[in-house]
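Chain by chain, the residues run as shown.
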Amino acid sequence: MSSGPSGSGGGLWACVAVATLTAFQFGYHSGVINQPRDAMTKCDHEESLASRTRDANCIPMDDWQWGTFVSIFLVGGVIGALPAGTLATTYGRRRLLLLINVPFLLAALLLALATTASQLYAARLIAGIAAGAGTVVLPLYLAEIAPVALRGSIGSLNQLMIVIGILVAQVVGLPLATREGWRTLMALAGLPAAVQVVLLFGCVETPSWLASHGLLHDARKSLAFLRGGDRGNLASDGQGDEGTSSNPIDRELDDIFSAAGVSSTSTTTDGATSSTSLLLPAASPQPKVTVANLFSVRALRRPLLAAFGLQVAQQFSGINAAIYYSTTIFQQSYDPTTAIRLTLLVSVTNLLTTLLSSSLIERAGRRTLLLTATLGMSLSAALVAGAVRAPSSPTEAVVVGLMAFVGFFGVGLGSIPWLILPELVPGYAVGPAASVCTSVNWSASFALAFVLPKAIGALGYDIFFVFSALLVGFALFTYRYVPETKGLTPEEVAVRNGFV
């Protein structure tokens, strides 16, 4: 197997592509309900109750019921996120990625076959549970299989696939958001889950998780697969004549074993025929960390503050107002058809800038990109609010402001909060930390789902002035509490910033 740049073999990119189908499913379930509401719920006024009963494709729901159908997905996200870190630590990242396809498939089936509002609620709740667990384990998997030089770029693919999933749901929904087609639209959510179930069997568990569970030889095999190394010499101890690592895979293994708290003096037990080894004594035993005692470890408090703050910043940046209300905003200045086309352009802008983030993040660094993008969002939000408020402003100002707002989000707050957690928190605590951190994100999203309509009703689109001020505060928070993590291990970040 040939090795690519920075030790990236074909096995790495195959595993990345398969694993990020989890993010695609999250995006698809987020976007799939945007278009078919009328087709699903607006039964013909002249239908009798008896005929409605016969028309199983019509499920009458009022505004409150539809709001419950939409928002219960977020409740499921919190429920799924809380235990996911512990499950990923206990059973493995790859295994959990595989298992969460069970609720994803069940949700797609229930959505396609539902005949009552209660059944739709249950389906969305189950989809949310799977998505919540996925948002915990996928960033961990990507961070632990990526070479250090590509960790940011690969981590940003999580957000990219979410955006692609939303966009695909919107495009597929154009012809299928009908009374006869909406069930097919919902059923298609199960397709990526089925594909991932099959393809994940060709992917490997992360070397870090294997090493932390004493499977040192398996960890070396996994890393060789990911880096495109020679798997025929795995029985060797990887040491040169002077007792130092003789190739890049062994040098990376030394770092992985050190972070896991195990000795790297031997990577096998009785040669290549053995697939496991006993856990060797750690040079410095790591504390036992759970969700319950996460904040009692002093060395974790600053990293957790930074990670949690960025999750809140992502949700309260105003991006949901820009995405969900873009059509209404554009209709202030354009006809409905043009407004819908501009809304689709907003989604494309989000996709392209998230893709741009993948290349910029390793050049500019996480902290610099966050600061620049967050301040850019603040200025763009002020432009949107000012342009809507001033009747004499050019109509293009609203378009430019909203596109820039979404674009800066894609570059900064869209992807970086997800990928930075495994770069801040040491491996012994990253599972519980990811659970709590992701739950904070889902909880903030759920709270915003209730607050945002009322806030827009009270303030109109002056709400973007509020978002502009909040974003200045988030930029100050980033400057004060978020360290640069580019090219560093969590242990190196801790030493450089005095976390220990």
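What counts as what
Residues numbered from 1 in each chain as written. Predicted model: local features only at pLDDT ≥ 70, side-chain atom pairs only at ≥ 80, totals over all residues. Heavy atoms only, no water. Helix = DSSP H or I, 4+ residues; strand = E, 2+ residues; numbered from the N terminus. Buried < 20%, exposed > 50% of the residue type's maximum accessible area, 1.4 Å probe, protein only. Contact = heavy atoms within 4.5 Å. Areas by Shrake-Rupley, 256 points an atom, 1.4 Å probe, with all protein chains shown as cover. Salt bridge = Lys/Arg side-chain N within 4 Å of Asp/Glu carboxyl O. Patch = residues over 30% accessible without salt bridge, like charges linked within 9 Å, V, L, I, M, F, W, Y side chains within 5 Å. Expected span 1.5 Å × (residues − 1). Arc of directions from axis to C-beta. pLDDT = per-residue confidence, 0-100. Phe/Tyr/Trp six-rings, centres within 6.5 Å; stacked < 30°, edge-to-face > 60°. Lys NZ or Arg CZ within 6 Å of the ring centre and 35° of its normal.

Caption draft 1: Representation of the overall build of the chain in the model. When helices and strands are tallied, the chain shows 24 helices and 0 strands. Counting over 500 residues, the chain shows a buried share of 54%. Within the chain, contacts between residues at least 6 apart in sequence are counted, and of these 80% link residues at least 24 apart. Summing over all exposed atoms, the chain offers an accessible surface of approximately 20500 Å²; the carbon and sulfur share of this is 65%.

Caption draft 2: Spotlight on the environment of Trp-418. Tracing the backbone shows Trp-418 in helix H21 (residues 416–424). Its relative accessible area of 6% is what places Trp-418 among the buried residues. As a C-alpha pair, Trp-418 and Leu-140 span 278 residues in sequence and 9.4 Å in three-dimensional space. Once you skip the residues sitting within four places of it in the chain, Trp-418 turns out to touch Thr-135, Pro-139, Asn-158, Gln-159, Gln-311, Gln-314, Thr-438 and Asn-441.

Caption draft 3: Up close: the environment of Gly-85. Relative to the elements of secondary structure, Gly-85 occurs in helix H5 (residues 63–91). With 51 residues separating them along the chain, Gly-85 and Val-136 place their C-alpha atoms 6.4 Å apart. Apart from residues lying up to four places away in sequence, Gly-85 is in contact with Val-136, Gly-431, Pro-432 and Ser-435.

Caption draft 4: Just the pattern of salt bridges, in detail. One pass over the structure, following the stated rule, counts 6 salt bridges. We note a salt bridge from Glu-144 to Arg-93, for which the minimum N-O separation is 2.7 Å. Of the two residues, Glu-144 sits in helix H8 (residues 117–145) while Arg-93 sits in helix H6 (residues 93–99), which places them 51 residues apart along the sequence. We classify Glu-144 as buried; its relative accessible area is 15%. The exposure class assigned to Arg-93 is buried, which follows from its relative accessible area of 4%. Ionic pairing is found between Asp-462 and Arg-389, a salt bridge with its closest N-O pair at 2.4 Å. Of the two residues, Asp-462 sits in the loop between helix H22 (430–459) and helix H23 (463–481) while Arg-389 sits in helix H19 (residues 366–389), which places them 73 residues apart along the sequence. Residue classification places Arg-389 among the exposed positions, given a relative accessible area of 54%. Counted as one network, the salt bridges with shared partners bring together Arg-151, Glu-362, Arg-366 and Glu-423.

Caption draft 5: Structural context of the environment of Leu-185. Structurally, Leu-185 is set in helix H10 (residues 182–187). Along the chain, Leu-185 and Val-172 lie 13 residues apart, while their C-alpha atoms are 7.2 Å from each other. Among residues more than four places away in sequence, those in contact with Leu-185 are Tyr-28, Val-32, Pro-36, Ala-169, Val-172, Gly-173 and Leu-176.

Caption draft 6: Spatial organisation of a nonpolar patch on the surface. There is a patch of nonpolar side chains on the surface, built from Leu-188, Leu-191, Val-195, Val-198 and Leu-199 and spanning about 420 Å² of accessible area. With respect to the helices and strands, Leu-199 occurs in helix H11 (residues 190–199). The class of Leu-199 is partly exposed, set by a relative accessible area of 42%.

Caption draft 7: Focus on helix H7 (residues 101–113). In this model H7 runs 18 Å from its N-terminal to its C-terminal C-alpha over 13 residues, within 8% of the 18 Å that 1.5 Å per residue would give. Of the residues making up H7, those classed as buried are Asn-101, Phe-104, Ala-107, Ala-108, Leu-111 and Ala-112. Viewed end-on, H7 has its buried residues packed into an arc of 125°, placing them on one side of the element. In H7, those exposed residues whose orientation departs by more than 90 degrees from the buried face are Val-102 and Leu-113. Against helix H2 (21–31), H5, H6, H8, H10 and H11 lie the buried residues of H7.

Caption draft 8: Fine view of the side chain of Ser-347. Checked against the element boundaries, Ser-347 lands in helix H18 (residues 336–364). What makes Ser-347 buried here is its relative accessible area of 10%. Apart from the residues within four sequence positions on either side, Ser-347 is in contact with Val-163, Leu-167 and Gln-170.

Caption draft 9: Spatial organisation of the confidence of the model for the chain. Across the chain, the average pLDDT comes to 84, with 86% of residues at 70 or higher. Every residue in residues 46–54 scores below 50 in pLDDT, and together they form 7 contacts with partners more than four places removed in sequence or on other chains. Predicted confidence is poor over residues 230–244, with pLDDT under 50, and the contacts of this stretch with residues over four places away or in other chains come to 25 contacts.

Caption draft 10: Structural context of the packing of aromatic side chains. Under the counting rule described, the total for this entry stands at 9 aromatic pairs. A centroid spacing of 5.7 Å and a plane angle of 70° characterise the contact between Phe-295 and Phe-308, whose relative ring orientation is edge-to-face. Of the two residues, Phe-295 is situated in the loop between helix H14 (248–260) and helix H15 (298–316) and Phe-308 in helix H15; the sequence distance between them amounts to 13 residues. When its relative accessible area of 43% is taken as the criterion, Phe-295 is described as partly exposed. Ring pairs connect the aromatic residues Phe-26, Phe-73 and Trp-442, which therefore count as one cluster. It is Arg-124 that lies over the ring of Phe-69; its NZ or CZ is 5.5 Å from the centre. When the ring centre of Tyr-481 is taken as reference, the NZ or CZ atom of Arg-480 above it lies at 4.8 Å.

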